[in-house]
Amino acid sequence: MTQAQLAQGSSPLLAVRDVSVVFGGIIALNGVSFDMHKGAILGLIGPNGAGKTTLFNCLSRLYQPSSGDILMEGASILTRPPHRIAEIGIGRTFQNVALFPNLSVLDNVRVGTHCRSNSDIISDSLRLGWVRRGEAELNKHVHEIVTYLGLDDVAHTIVSGLPFGTQKRVELARALAADPKILLLDEPAGGLNHEEVHVLGDLIKRIRDERHVTVLLVEHHMGLVMSIADHVVALNFGRKLAEGTPAQVQADPDVIKAYLGSKDQ
């Protein structure tokens, strides 16, 4: 039995409650609700324009829902500004890699530890003992994450010169550096070849199992989603179309029609 199955009887780690987002006259999300339980990998699927990225941007507080609520461990996140969202344990990657191109791998990953630091500008300038000790601990943590994701060989390399697949891992390392409880992965398989996608799937499961991180995955690569997700939510035109296990969602006639295509196609 998986961690997600064991957690089903408990309160959800993340609860999306009747969330709607309206841009002018366009309804991007329309009353979407679902729960995420600790230890789960939840796949969020749907065709382009279904509302997946809009929902992600609500979860990371880049967008404010027009109505509804999002609860993290029972408390609404909607009063928090985007720069305070990592503090409660929500980390994310982006569909288009959003790294600092002129910084090294180590420095990009170090950015992810910002929410773990308690120092301030005066303490930093005075180089107080507790600041130095804190920096040493953060640097140790950064190196551990870099090693965990197999990035030691390129740790001091400027990221702009790295292959796209490696840059994706650097962005994942930066998200993990904040020690998130929930990791939001936005199209992590985009631009990867078949072998890289297979490796990515194994890595996501390892992160869930070994680092005890709950994962919400937005992805068009159905093979990846259906092979690693415990639970799948399908969206279409801003509404929830189906929800259930990968097998249940794959077999849902509405999902087949809207996204997966019929077996005859």
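Before any of the text, the structure's been laid out above.
This is a predicted model, so every value here is computed, not measured. (Residues numbered from 1 in each chain as written. Predicted model: local features only at pLDDT ≥ 70, side-chain atom pairs only at ≥ 80, totals over all residues. Heavy atoms only, no water.)

Trainee: Sorry, what's going on with the overall build of the chain here?
Mentor: Each helix and strand in the chain was counted, giving 10 helices and 10 strands. Restricting the contact set of the chain to residue pairs at least 6 apart, pairs at least 24 apart contribute 67%. Total accessible area computed for the chain in this model is approximately 13000 Å², and 53% of it derives from carbon and sulfur atoms. (Helix = DSSP H or I, 4+ residues; strand = E, 2+ residues; numbered from the N terminus. Contact = heavy atoms within 4.5 Å. Areas by Shrake-Rupley, 256 points an atom, 1.4 Å probe, with all protein chains shown as cover.)

Trainee: Explain helix α6 (residues 164-176) to me, please; I cannot follow it from the model alone.
Mentor: Helix length check: α6, at 13 residues, gives a terminal C-alpha distance of 19 Å against a target of 18 Å (1.5 Å per residue), a fit within 8%. Taken across its 13 residues, α6 has 11 buried, putting it largely inside the fold. Taken together, the buried positions of α6 are G165, T166, Q167, K168, V170, E171, L172, A173, R174, A175 and L176. (Expected span 1.5 Å × (residues − 1). Buried < 20%, exposed > 50% of the residue type's maximum accessible area, 1.4 Å probe, protein only.)

Trainee: I would appreciate a short explanation of the side chain of N57 in the present structure.
Mentor: Structurally, N57 is set in helix α2 (residues 52-59). When its relative accessible area of 9% is taken as the criterion, N57 is described as buried. In this structure, N57 is in contact with L62, Y63 and R92, ignoring residues within four places of it in sequence.

Trainee: Explanation requested: the sheet that holds strand β6 (residues 90-92) in the structure shown.
Mentor: Working definition: the strands of a sheet are paired by backbone hydrogen bonds and lie parallel or antiparallel to each other. One open sheet holds the six strands; their spatial order is β6-β7-β8-β3-β9-β10, and the pairing between them is mixed. In this open sheet, the two edge strands, each paired with only one partner strand, are β6 and β10 (239-244). For this sheet the average axis-to-axis angle between neighbouring strands, irrespective of direction, equals 20°. Where α2 meets the sheet, its contacts fall on β3 (41-45), β6, β7 (182-186), β8 (214-218) and β9 (231-236), and the angle it forms with β7 comes to roughly 145°. (Pairing = 2+ DSSP bridges. Axes fitted to C-alpha atoms, helices over the stretch in contact; angles between N-to-C directions.)

Trainee: Where do I start with the sheet that holds strand β2 (residues 26-36) in this structure?
Mentor: An order of β2-β1-β4-β5 is seen for the four strands of this open sheet, with the pairing classed as antiparallel. Edge positions in the sheet fall to β2 and β5 (75-76), since each has one partner strand and no second. Where strand β1 (residues 14-23) and strand β4 (residues 67-72) come together, five bridges link them in antiparallel fashion. Directly across from L14, in β4, lies its bridge partner M72. α2 rests against β1, β2 and β4 of the sheet, and its axis sits at about 115° to β1.

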